[in-house]
Amino acid sequence: MRVLIMSDMEGVSGIVDWQQVNGGAPMYEEGRRLYTEEINAAVRGARAAGATEIVAVDCHGAGGGWNFNSLIPDLLDPGCEWVAHHSWTGYTELLEQGCDAALFIGMHAKAGTTDGVLSHTVSSQAWHNLWFNGVLVGETGINAALCGHWGCPVLLVTGDEATCNEGRALLGVGLTTVAVKRGLSRFSARQISPARAREMIEAGARQALQDLKAVSPYDPGHPSEILVEVASPDHMERWRHKTGVEVLDSRRVASRAGDWWAAWRQFWF
C-alpha cells in the first residue's frame, strides 16, 4: 500500500503564532520539532496499517531556505521518505505511479474562519477567497484536488476543530479527522498536549487506512473554473498576461480548463 502524507505547520498541536511557523523567527525551531513529530505519528500509524511505501511532502512555505523545508531530518521516522524544498503542488510522482491513500497532517482552516487557528488561504496577506467551480475552499481543498486528479482519496485530516469540520464538509463523513486543538480565536487555542496528540494521530492514521474506499477521490468537476479573490489590485499583476487566465476586475482572477489540474497549472505555475 502506497501512502502520501501532505503536511502543513499551522494545524499542529502547540502552534498558535506566526513566529512558530516562519523560518528564522524566534520560535520557529520549536515549531519545526512539533511539526516533525506529528508527521512521525502518521508514519507509525500508516506502517501499522500495512503501508509499504510512505512519502511525506512538506507543504509549508516558511520562507527563504526553509520554504517547503521545515521538517527536521534527524528526527524523521526512518519508515518514510520525504520531499523537501519542492514547489507546493509540484510533486506528483507518487500520485502518477498509483497512490492508495493520502493523509493530511497539520492542516489549517481557510481564510475568514473565525475559530481557525492561523486561518488563511495560500497567503495570509495577499489572498482572501478561493473557489473551485463555485465552491469556497481552502488549502485542504487544493491538496485534495491534486490527489483526486490521480484518483487518490484523502482519508485523514488533522488540525484544529475548524479544519476538521471543513474537511468533512468538503470530502464527506467517511473522512477520518483528528482535532488536536480548538481555536478560541485566530491566535489562541485550547490544545491537547503534543504527546497525546501524536497518539491520536497515529491511531487516526491506522484507522483511516482500514477502508480505502471510505472517501471518494475529490474532483471539483469538469470543466473546471478556479476563481481567486485577492486583497488588493497590486496582487493581480502576476496573472495579467497568463494564457487561459482571465482578470475579471481589480481583485478577481479566473482560470478555466477542461479539468482541475489543467486549470491549476496555468494559474499557479
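Located above this text is the structure these notes cover.
Positions within a chain are numbered from 1, following the residues in the order the chain's sequence is written. Local features are withheld for residues below a pLDDT of 70 in this predicted model, meaning they are given only at 70 or higher, and side-chain atom pairs are given and counted only at 80 or more; totals for whole chains, interfaces and linings count all residues. Working from all heavy atoms in the structure, the side-chain values ignore hydrogens and water.

Student: Can you lay out the layout of surface pockets for me, pointing to particular residues and giving the numbers?
Tutor: Two kinds of site are reported from a 1 Å grid over the protein atoms alone, namely cavities, where a 1.4 Å probe fits but cannot get out, and pockets, open sets with protein on both sides within 12 Å along at least five of seven lines, and residues are called lining when an atom falls within 4 Å of a point. Grid points are joined across faces, edges and corners, and a volume is the space filled by probe spheres set on the points. The computed volume of the largest pocket comes to approximately 440 Å³. Considering the residues around the largest pocket, the lining is formed by 19 residues, among which Gly61, His120, Val122, Ser123 and Ser124 are closest to the centre. For this classification, Asp, Glu, Lys and Arg are treated as charged, while Ala, Val, Leu, Ile, Met, Phe, Trp, Tyr, Cys and Pro are nonpolar and the rest, including Gly, are polar. Here the lining of the largest pocket is built from residues that sort into seven nonpolar, nine polar and three charged.

Student: Mind laying out the side chain of Gln20, listing which residues take part and the relevant values?
Tutor: In this structure, Gln20 sits in the loop between strand 1 (2–7) and helix 1 (28–48). On the basis of relative accessibility, which here comes to 3%, the residue Gln20 falls in the buried class. In the analysis that follows, any N or O atom pair within 3.5 Å is treated as a polar contact, provided that within protein one partner can donate a hydrogen and the other can accept it, and provided that, for residues neighboring in sequence, both atoms belong to side chains. Separated by 2.8 Å, the side chain of Gln20 and the backbone nitrogen of Val16 make a polar contact. Starting at the N terminus, helices and strands are each numbered in turn, a helix being any DSSP run of H or I of at least four residues and a strand any DSSP run of E of at least two. Burial classes follow relative accessibility: with a 1.4 Å probe on protein chains only, a residue under 20% of its type's maximum area counts as buried, one over 50% as exposed, and anything between as partly exposed.

Student: Just give me the short version of empty space enclosed by the protein, but keep the residues and values in it.
Tutor: Applying the stated rule across the entire model yields one cavity of 30 Å³ or more. Lining of the largest cavity is provided by Leu4, Met6, Val57, Cys59, His86, Ser87, Trp88, Thr89, Gly90, Tyr91 and Leu146. For the lining of the largest cavity, the residue count by class is seven nonpolar, four polar and no charged.

Student: Go over the pairing of strand 9 (residues 188–191), please, and point to the residues and values.
Tutor: A strand pair is defined by DSSP finding two or more bridges across the two strands. Summarising the sheet, strand 8 (residues 176–185) and strand 9 pair through four bridges and their orientation is antiparallel. The partner of Arg182 across the bridge, within strand 9, is Arg190. Between the end of strand 8 and the start of strand 9, which pair antiparallel, lie two residues.

Student: Explain the nonpolar core to me, using residue names and the numbers behind them.
Tutor: Here is a general trend for soluble globular proteins: nonpolar side chains tend to be buried in one another's company. Within this scheme, the nonpolar core is defined by two criteria: the residues are buried Ala, Val, Leu, Ile, Met, Phe, Trp, Tyr or Cys, and they are joined through side-chain atoms within 4.5 Å. Ranked by internal contacts, the top residues of the largest apolar core, which has 83 residues, are Leu4 and Ile5. Ranked by residues supplied to this core, first place goes to helix 1 with eight residues. A contact between two residues is defined here by any heavy atoms of the two lying within 4.5 Å. Apart from the residues within four sequence positions on either side, Leu4 is in contact with Val55, Val57, Tyr91, Leu94, Leu95, Cys99, Ala101, Ala102, Leu103 and Cys147.

Student: Just give me the short version of the side chain of Asp8, but keep the residues and values in it.
Tutor: With respect to the helices and strands, the residue Asp8 is situated in the loop between strand 1 and helix 1. Among the polar contacts made by the side chain of Asp8, one reaches the side chain of His108 at a distance of 3.3 Å.

Student: Which residues make up the sheet that holds strand 11 (residues 245–247), and what are the values?
Tutor: Pairing between sheet strands relies on hydrogen bonds along the backbone, with the strands arranged either parallel or antiparallel. What the five strands build is an open sheet, ordered 6-5-10-12-11; its pairing is antiparallel. For this open sheet the edge positions go to strand 6 (135–136) and strand 11, each flanked by a neighbour on one side alone. By the bridge criterion, five bridges tie strand 5 (residues 127–132) to strand 10 (residues 224–230) in an arrangement that is antiparallel. Among the inter-strand pairings, Trp127 is bridged to a residue of strand 10, identified as Val230.

Student: Tell me about the packing of aromatic side chains, residues and numbers included.
Tutor: Ring geometry is summarised as follows: Phe, Tyr and Trp rings, the Trp one being its six-membered ring, pair when their centres sit within 6.5 Å, and such pairs are stacked at plane angles under 30 degrees, edge-to-face over 60 and tilted between the two. Tallied over the entire structure, the rule returns 15 aromatic pairs. Considering the side-chain rings of Trp260 and Trp264, the 5.4 Å spacing of their centres and the 15 degrees angle between planes classify their relative orientation as stacked. Linking Trp260 with Trp264, this pair stays in helix 6 (residues 260–268), spanning four residues, or about one helical turn. There is no split in this pair, since Trp260 and Trp264 are both buried. An aromatic cluster of at least three residues, connected via ring pairs, comprises Trp88, Trp127, Phe132, Trp150, Trp239, Trp260, Trp261, Trp264, Phe267, Trp268 and Phe269. Any Lys NZ or Arg CZ that is within 6 Å of a ring centre and within 35 degrees of that ring's normal is treated as a charge sitting over the ring. One cation-aromatic arrangement involves Arg238 over Trp268; the distance from NZ or CZ to the ring centre is 5.5 Å.

Student: Any details on the environment of Ile5? Residues and values, ideally.
Tutor: Tracing the chain through its elements places Ile5 in strand 1. For Ile5, a relative accessible area of 0% gives the class buried. Each C-alpha atom, one on Ile5 and one on Ile105, is 7.1 Å from the other, the two residues being 100 residues apart in sequence. Sequence-distant contacts of Ile5, that is, excluding residues within four places in its chain, are made with Ile39, Ala42, Val43, Ile54, Val55, Ala56, Val57, Leu103 and Ile105.

Student: Summarise the environment of Met9; cite the residues concerned and give the values.
Tutor: In this fold, Met9 is placed in the loop between strand 1 and helix 1. Placed 124 residues apart in sequence, Met9 and Asn133 show a C-alpha to C-alpha distance of 28 Å. Met9 has contacts with Ile15, Gln20, Val21, Tyr28, Gly31, Arg32, Tyr35, His60, Ser70 and Gly106, leaving out every residue within four places of it along the chain.

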